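# Topology and contacts: notes
Letter by letter, the chains look like this.
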Amino acid sequence: MKRLLLIIMLLAAVLPMTSCRRAVEKARSKIRLEAIEKVQRQGLTGAEVTVRIQNGTGYKLQLDAAQADIYYSGSRIGTATLREGVAVDGRTTASVTTFWNLSISNPLALLGAVGRLRAGDVSPFAVSFTAEGRGGPAPVKISREMVPLSDILNNFGMTLQDVKNFLK
């Protein structure tokens, strides 16, 4: 009897976990960052980035905080930090404009990096990022370390020319 009670308690604890995990995976498949539509510098310390997001879930998506560190040959040269949160309503595809603060941590390395980008070489560049927000009732935190810039450009349908245009 005790064994049966223990099994029932374990099943009661474990079954909801698997259904929650499936719900999260299903929701994740319905959310896509489709494209980076526009990147525009705002003076020396800011940027305006417009992205197109598809939210196929019934929940409002919120991005409360985000930060991206840019690396050149393993050294951090700068950081971009989201100024204010943004949101996308459920079951919509929307263009969202985000505003970022830019800070340069290594100006000399930045000069070399810009020259390398203008020459067409993205191989020494990587990006680490974190993002926090909500997907309906669930808090979301995403982070990746040292993602090659070429992967990011490919994922968002950008080219090296788009990066060069931003540097002008």
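Above: the structure in question.
Residues numbered from 1 in each chain as written. Predicted model: local features only at pLDDT ≥ 70, side-chain atom pairs only at ≥ 80, totals over all residues. Heavy atoms only, no water.

Formed by 15 residues in total, the largest nonpolar core has its most connected members in Leu117, Phe125, Leu149 and Leu153. Among the secondary structure elements, those contributing two or more residues to this core are β3 (61-72), α2 (107-118), β7 (125-135) and α3 (149-155). Beyond its immediate stretch of four places on either side in the chain, Phe125 contacts Tyr71, Tyr72, Ala113, Arg116, Leu117, Val147, Pro148 and Leu149. Among the nonpolar cores identified, the runner-up in size contains twelve residues, and Val49, Val51, Ile53 and Val86 belong to it. (Core = buried A, V, L, I, M, F, W, Y, C linked by side-chain atoms within 4.5 Å. Buried < 20%, exposed > 50% of the residue type's maximum accessible area, 1.4 Å probe, protein only. Helix = DSSP H or I, 4+ residues; strand = E, 2+ residues; numbered from the N terminus. Contact = heavy atoms within 4.5 Å.)

Once that is clear, we can look at the pattern of salt bridges. In this structure the tally under the stated criterion is seven salt bridges. Counted as one network, the salt bridges with shared partners bring together Arg32, Glu34, Glu37 and Arg52. (Salt bridge = Lys/Arg side-chain N within 4 Å of Asp/Glu carboxyl O.)

Inspection of the secondary structure assignment puts Ile36 in strand β1 (residues 31-41). Separated by 59 residues in sequence, Ile36 and Ser95 place their C-alpha atoms 9.2 Å apart. Those residues in contact with Ile36 that sit more than four places away from it in its chain are Val49, Thr50, Val51, Phe156 and Met158.

A separate point is α2. With twelve residues, α2 should reach 16 Å at 1.5 Å per residue; the first-to-last C-alpha distance of 17 Å fits that figure. Taken together, the buried positions of α2 are Ala109, Ala113, Val114 and Leu117. One side of α2 carries all its buried residues, which in axial view fall inside an arc of 140 degrees. Along α2, exposed side chains directed more than 90 degrees from the buried face belong to Leu108, Leu111 and Arg118. Immediately downstream of α2, the backbone of Gly120 shows phi near 95 degrees, a positive value. (Expected span 1.5 Å × (residues − 1). Arc of directions from axis to C-beta.)

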